[in-house]
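Survey of secondary and tertiary structure
Read off the chains here:
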Protein chains: 2
Amino acid sequence: MQAFPRSEAESRLSRLQHIMREAGADGCLVTQNVGIYYFTGSMQTGYLFVPAQGEPTYYVRRSVARAKAESLVPTAELGSFRQFGAKLAADYPAIFPEGTRPTIGADLDVLPAQLYLRLIEAIPAAEWKDASAYLRRVRSVKTAHEIEKIGKAARAAADALDEGIRRLRTGMTELELIMIIEEVMRRAGHAGIMRMRGYNQELVTGMVAAGEAAAEPTYFDGPAGGRGLSTAVPQGASFRPIGAGEPILIDIGCCIDGYTIDQTRTAVIGTLSPQLRTAYETAVTILRRTEENLKPGTTPESLYEQALAMAAEAGLAEHFMGFGVDQVKFLGHGIGLEIDEWPVLAKGFREPLEAGMVLAVEPKFTFPGVGVVGIENTYLITEDGSRQLTLSPERLYEITES
Amino acid sequence: MQAFPRSEAESRLSRLQHIMREAGADGCLVTQNVGIYYFTGSMQTGYLFVPAQGEPTYYVRRSVARAKAESLVPTAELGSFRQFGAKLAADYPAIFPEGTRPTIGADLDVLPAQLYLRLIEAIPAAEWKDASAYLRRVRSVKTAHEIEKIGKAARAAADALDEGIRRLRTGMTELELIMIIEEVMRRAGHAGIMRMRGYNQELVTGMVAAGEAAAEPTYFDGPAGGRGLSTAVPQGASFRPIGAGEPILIDIGCCIDGYTIDQTRTAVIGTLSPQLRTAYETAVTILRRTEENLKPGTTPESLYEQALAMAAEAGLAEHFMGFGVDQVKFLGHGIGLEIDEWPVLAKGFREPLEAGMVLAVEPKFTFPGVGVVGIENTYLITEDGSRQLTLSPERLYEITES
């Protein structure tokens, strides 16, 4: 039943507590299911309270029995929400001495405002602070256990791509292609969705789309959009049949034991036009150059800027990471329990890379009316460089139909 | 490209505006993707501003092009977030005259606190109000278009159940059974997930689980939990093989063109024990009695109380809708673009049912260590009663293995 070793739970908590003390927070309330799981090994409904020093408590609403069986940190019944402040004060008298205003952080980037306002009422003593950044920083550096899990997801994704490529035929719809991929992943234990932290963002298994449908812009916070199944599902695979000679973007991931991987390969039935082939090769060149600098000490921002410069040099600036006004402003992103973790390879991310970070790097080029080409691998930052976690062979998949 | 008729968009907005005027709100900001889609027919990133009187504006960040092509209400580029307040004041001078504090509602039940705090800064003139209840009330009464879409999802769910039952065998895992079901649904256009409004809640296609694994309690806000695939996915189907003689709960739904259905059937390979059969029949009796009162004028609360009384009469109070402390406190729920809509058949829901509401009613009984039995249909409230939308034959599926 234990999700990960107790020693990992202890080191995760102590890293958070270190950041909290540096930031002057007296306590931190983790409210999101994924965050709670990361620290406790259990994903039941409740709140995890982490003091800046000492033992945390997992206050559980439901299921208490399951949380008790799974949790690596002490659990307590949440009881009345209105009494939560009184309970916290009783359990942590050093943090909540009468008449003071301790600073309590919370994951405000995901906590709904309505619940936040109720927490303010229930815990009137607290001075609230947005602790999202602390939590994201702790989670950006992966443990041995997490890297092993991501490897498992990488294996499933590679197997799924193999099967998709093996069965790819002209006339097959984008939906049919992703269904083949999803079946292999699901059998391997894919949760069915990939968790995302971003508001209004959702992802099932990725973005499998071809030709002009792949190039349709979307709300999705990624370089490739996709037509989707309807205006109510306006992203990713559509009912459009795949034709010969058009770029097929196979951007897939899966979530096994909670951990996600992300990878992209480009395929074509027949051959790509010279323009698209050049763009694909530029994406590969950007990936190679990025790999050279993918090591502790490099800033995420510099990797993005380098890629932008290379795309511009190749005369593809307007096509890079989406087209024109629909471009996204990043080259890659952290990945772990969620698909949109830190750091982001984007402007403003100036904290240098550290060993243990896991990043998906995804240079892509969009040609409206034509399609999207690109490549994406997930990497672990090591002491002196990086190790590729993506297991799929890296090539342009040119399929000859018999 | 048009998601639904313009006249529907107009009637949806005018119902919201009516509620807003009654509640004294000057405007309403819809921030959630599903809410934006409901009113505009487009699900791009941005904010929908609805004045209490007059034309709304859909302020779009990305993709503007796609929103312009899809939206049934006027669109504008969002531009700088910091200038959003100034832009709103310029576009709606009657609502934001200088020196006043107009009351602006927002969907605070889903809007993350961090973004809420940024909106407070960007639109300093606004006096904010939680408009979740208005939005949920408007959406609780479905239009003709919505009912047709739910019917499409019902057809796919019924076909999927047929195929699952046809291929069900002892030794098959719960995951394998749900994979069969998912394949049929996905081919019919299932989005891959069912959207849920509740914080930290997620659902792929439902809860397919058997024997003691089905009876394991979870965080999920439903009567049946399920072991799940791991502690990080602690809900629904597991890798556990299905055995003969154990109850198999097949609680499934799908999301087609954005609209969901929800239904449950109980199956067994061989026969059920007398205890479980009695419980199953009690669930059916509760459903029949509920149907009798499922009509305009009945309060949701009274249906829940009636079901509780019937479960108690049958000596099954402790097993009803989960076991003991892990019970959920409802009999059913509204359903539409999300699986957890209003009204809930629960205490506190005293507004009478209205024609056009769509409800899933799901009496279930949980026996720890043994399994879960029950039934669930989705119904449309009509002028004088209700119409069942669920299309699967209603019976205990007893499967004879050859």
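Please read these numbers as outputs of a predicted model, since none were measured by experiment. The numbering scheme is per chain: residues are counted from 1 as the chain's sequence reads. Here every chain gets a letter starting at A, and every ligand a number starting at 1, in the order they are written. In keeping with the predicted nature of the model, local features appear solely for residues at pLDDT of at least 70, side-chain atom pairs appear and are counted solely at 80 or more, and the whole-chain, interface and lining totals rest on all residues. For side-chain calculations, the full set of non-hydrogen atoms in the structure is used, while hydrogens and water are omitted.

**Quick look at the overall build of chain A**
Counting its regular elements, chain A contains eleven helices and 19 strands. C-alpha atoms define the radius of gyration in this analysis, and the globule rule sets the expected value at 2.2 Å times the number of residues to the power 0.38. Taking 21 Å as the expected radius of gyration for a compact globule of 402 residues, we find that chain A reaches 22 Å, a close match to that expectation. The dimensions of chain A, computed from C-alpha atoms along their principal axes, are 75 × 40 × 35 Å. Only protein chains enter the area calculation, which uses a 1.4 Å probe; residues under 20% of their type maximum are buried, those over 50% are exposed, and those in between are partly exposed. For chain A, the residues scored as buried account for 65% of the 402 residues in total. Long-range pairs, those at least 24 residues apart, make up 67% of the contacts in chain A between residues at least 6 apart in sequence. Here, Shrake-Rupley sampling with a 1.4 Å probe gives the accessible areas, and only protein chains in the shown set may cover a residue. Roughly 13,800 Å² of accessible area belongs to chain A as shown, and the carbon and sulfur atoms make up 51% of that amount. Only four residue types enter the tally: Lys and Arg on the positive side, Asp and Glu on the negative side; His and the chain ends are excluded. A charge is said to be at NZ when it belongs to Lys, at CZ for Arg, at CG for Asp and at CD for Glu. Distance from the positive charge centre (40 side chains) to the negative charge centre (51 side chains) of chain A: 4 Å. Each helix is a run of DSSP H or I of at least 4 residues and each strand a run of E of at least 2, with the numbering of both proceeding from the N terminus. We call two residues in contact when some of their heavy atoms are within 4.5 Å.

**Some points on the relation of the copies chain A and chain B**
When the copies are overlaid, the least-squares fit takes in C-alpha atoms only where the residue has pLDDT of at least 70 in both copies. Overlaying chain A on chain B yields an RMSD of 0.0 Å, the required transformation being a rotation through 180 degrees with an accompanying axial translation of 0.0 Å. What the rotation and shift describe, once combined, is the action of a two-fold rotation axis.

**Quick word on the nonpolar core**
By size, the foremost hydrophobic cluster in this structure holds 154 residues, and its most contacted members are I250 of chain A together with I250 of chain B. Those residues in contact with I250 of chain B that sit more than four places away from it in its chain are L161, I165, L177, I181, M207, V208, Q263, T264, R265 and A267 of chain B. By nonpolar core we mean a set of buried residues, namely Ala, Val, Leu, Ile, Met, Phe, Trp, Tyr and Cys, connected to one another through side-chain atoms within 4.5 Å.

**As for the side chain of K149 of chain B**
Among the secondary structure elements, K149 of chain B is positioned in helix α7 (residues 144-167). Sequence-distant contacts of K149 of chain B, defined by excluding residues within four places in its chain, comprise D257 and Y259 of chain B.

**Some thoughts on the UniProt feature "domain: Creatinase N-terminal" (unreviewed entry) in chain A**
UniProt positions are given in the numbering used here, feature names are shortened, and annotations may be inferred rather than shown by experiment. As recorded in UniProt, the sites labelled "domain: Creatinase N-terminal" (unreviewed entry) are residues 12-141 of chain A. As annotated, residues 12-141 of chain A comprises 42% helix and 22% strand, and the C-alpha atoms at either end are separated by 10 Å.

**Some remarks on the packing of aromatic side chains**
Residues and elements named next belong to chain A. Whether two aromatic rings pair depends on their centres lying within 6.5 Å, for rings of Phe, Tyr and Trp, where Trp uses its six-membered ring; planes under 30 degrees apart make the pair stacked, over 60 edge-to-face, and the rest tilted. Overall, the coordinates contain 20 aromatic pairs over all chains when judged by the stated rule. Geometrically, the ring pair formed by F49 and Y92 is tilted, given 4.9 Å between the ring centres and 55 degrees between the ring planes. In this pair, F49 sits in strand β2 (residues 45-51) while Y92 sits in the loop between α4 (84-91) and β5 (103-106), placing the two residues 43 residues apart along the sequence. Assessed through its relative accessible area of 0%, F49 is described here as buried. The class for Y92 is buried, based on a relative accessible area of 10%.

**A few points about the environment of T40 of chain A**
All names here are of chain A. Residue position: T40 is located in helix α2 (residues 33-40). Residue T40 is classed as buried on the basis of its relative accessible area, which comes to 0%. Contact partners of T40, with chain neighbours within four places excluded, come to F4, L48, Y58, E70, S71, L72 and V73.

**Brief notes about the interface of chain A and chain B**
In this assembly, 69 residues from chain A lie in contact with 69 residues from chain B. Interface area for chain A against chain B, summed over the two sides, is near 5,500 Å², with a carbon-plus-sulfur share of 52%. Area buried by chain A at its contact with chain B is led by R62, R186 and Y199 of chain A, which between them contribute 14% of it. Any carboxyl oxygen of Asp or Glu that lies within 4 Å of a side-chain nitrogen of Lys or Arg is treated as forming a salt bridge with it. Notably, a salt bridge pairs R186 of chain A with E182 of chain B, separated by 2.8 Å at the nearest N-O pair. N or O atoms closer than or at 3.5 Å make up a polar contact, with two conditions inside protein: a donor-capable atom paired with an acceptor-capable one, and, for residues adjacent in sequence, both atoms drawn from side chains. Here chain A and chain B share 43 residue pairs in polar contact (both at pLDDT 80 or more) between them. In this description, buried area is defined as the sum, over both parts, of the accessible area (probe of 1.4 Å) that is lost when the two are combined.

**Considering the sheet that holds strand β11 (residues 263-269) of chain B**
Sheets are built from strands that pair by backbone hydrogen bonding, the pairs being arranged parallel or antiparallel. Residue and element names in this part refer to chain B. Strands are labelled as partners when DSSP assigns at least two bridges between them. Across the sheet, which stays open at both edges, the four strands sit in the order β7-β8-β11-β19 with mixed pairing between neighbours. Strands with a single pairing partner mark the edges of an open sheet, and in this sheet they are β7 (206-210) and β19 (397-399). Direction aside, the axes of adjacent strands within the sheet are offset by 20 degrees on average. Where β7 meets strand β8 (residues 248-252), five bridges bridge the pair, whose relative direction is antiparallel. Within β8, the position partnered with A210 by the bridge is I248. Interaxial angle, 0 to 180 degrees, is taken between N-to-C directions of lines fitted to C-alpha atoms, where a helix line uses only the stretch in contact. With respect to the sheet, helix α8 (residues 174-187) is in contact with β7 and β8, its orientation differing from that of β7 by roughly 145 degrees.

**What about helix α10 (residues 274-293) of chain B?**
Residues and elements named next belong to chain B. To estimate the expected span of a helix, subtract one from its residue number and multiply by 1.5 Å. Given a rise of 1.5 Å per residue, 20 residues ought to cover 28 Å, and the 29 Å separating the end C-alpha atoms of α10 matches this to within 8%. Residues of α10 that are buried: L276, A279, Y280, T282, A283, V284, I286, L287 and T290. Lining the buried residues of α10 we find β11, α11 (300-313), β14 (358-361), β15 (364-367), β16 (371-374) and β17 (377-381).

**What to know about the pattern of salt bridges**
This model, assessed by the stated rule, comprises 61 salt bridges over all chains. When the shortest N-O distance is used, the salt bridge between E216 of chain B and R66 of chain A registers 3.9 Å. Of this pair, E216 of chain B sits in the loop between α9 (211-214) and β8 while R66 of chain A sits in helix α3 (residues 64-70), which puts the two residues in different chains. Classification of R66 of chain A by relative accessible area gives buried; the value is 8%. R187 of chain A is the salt-bridge partner of E183 of chain A, the closest N and O atoms lying 3.0 Å from each other. Placement of both E183 of chain A and R187 of chain A in helix α8 (residues 174-187) is noted, with a separation of four residues, approximately one turn of the helix.

**Section: the packing of helix α2 (residues 33-40) of chain B against helix α6 (residues 132-140) of chain B**
All names here are of chain B. The N-to-C vectors of α2 and α6 enclose an angle of 50 degrees; their axes lie 12 Å apart at closest approach. One finds that α2 runs oblique with respect to α6. With respect to the hand of their crossing, α2 and α6 are arranged in left-handed fashion. Taken together, the residues of α6 that come into contact with α2 (itself represented by V34, G35, Y38 and F39) are L135, V138 and R139. Residues were grouped as follows: Ala, Val, Leu, Ile, Met, Phe, Trp, Tyr, Cys and Pro as nonpolar; Asp, Glu, Lys and Arg as charged; and all remaining residues, including Gly, as polar. For the contact of α2 with α6, the residue count by class is five nonpolar, one polar and one charged. Every angle not falling under 35 degrees, over 145, or within 65 to 115 is termed oblique; those three ranges are roughly parallel, roughly antiparallel and roughly perpendicular. Each crossing is labelled by how the near helix is turned from the far one, with a counterclockwise turn of less than a right angle marking it left-handed and a clockwise turn marking it right-handed.

**Quick notes on the pairing of β5 of chain A**
Residue and element names in this part refer to chain A. Every second residue of β5 is oriented toward a common face, with T103 and G105 on one face and I104 and A106 on the other, all of them buried. Across three bridges, strand β1 (residues 27-30) lies against β5 in parallel orientation. Residue pairing for β5: L29 is matched across the bridge by A106. In the sheet, β5 pairs with strand β6 (residues 127-130) via four bridges, with the strands oriented parallel. Within the sheet, the bridge partner assigned to T103 lies in β6 and is E127. By the criterion used throughout, a crossover qualifies as right-handed when its path from the first strand across the helix to the second strand runs clockwise, the strands pointing away from the viewer. With helix α5 (residues 113-122) bridging β5 and the parallel β6, this β-α-β connection has right-handed handedness.

**Considering the environment of I147 of chain B**
Residue and element names in this part refer to chain B. With respect to the secondary-structure elements, I147 resides in helix α7. The class for I147 is buried, based on a relative accessible area of 16%. Among all residues touching I147, those that are not within four sequence positions of it are K142, L380 and R387.

**What about the sheet that holds strand β18 (residues 386-388) of chain B?**
Residues and elements named next belong to chain B. Reading across the sheet, the five strands line up as β13-β12-β14-β17-β18 and stay open at both edges, with antiparallel pairing between neighbours. The sheet is open, and its two borders are formed by β13 (341-345) and β18, each paired with just one other strand. Each strand axis lies, on average, 25 degrees off the axis of its neighbour in the sheet, ignoring direction. By the bridge criterion, three bridges tie β17 to β18 in an arrangement that is antiparallel. For I381, the partnering residue across the bridge sits in β18 and is S386. On the sheet, α6 packs against β13 and β14 and is oriented at approximately 85 degrees with respect to β13.

**Quick look at the domain arrangement of chain A**
All names here are of chain A. For every domain, the bounds stem from an assignment made automatically or drawn from a database. If you check the domain split of chain A, you get domain 1 (6-139) and domain 2 (141-399). The straight-line distance from the C-alpha centre of domain 1 to that of domain 2 is 34 Å. The partner domain 2 presents 15 residues to the 16 residues of domain 1 that form the contact. For the pair domain 1 and domain 2, the two sides together bury roughly 1,500 Å², of which 46% comes from carbon and sulfur. When residues of domain 1 are sorted by the area they lose upon contact with domain 2, E8, R136 and R139 head the list and together hold 42% of the total. Its salt-bridge partner being D109, residue R197 comes within 2.7 Å of it at the nearest N-O pair. Joining domain 1 to domain 2, the criterion identifies 13 residue pairs in polar contact (both at pLDDT 80 or more). Within the residue set of the side of domain 1 that touches domain 2, elements represented by two or more residues are α1 (6-23), α2 and α6 (132-140). When residues in the side of domain 1 that touches domain 2 are grouped by element, the largest group, five residues, is from α6.

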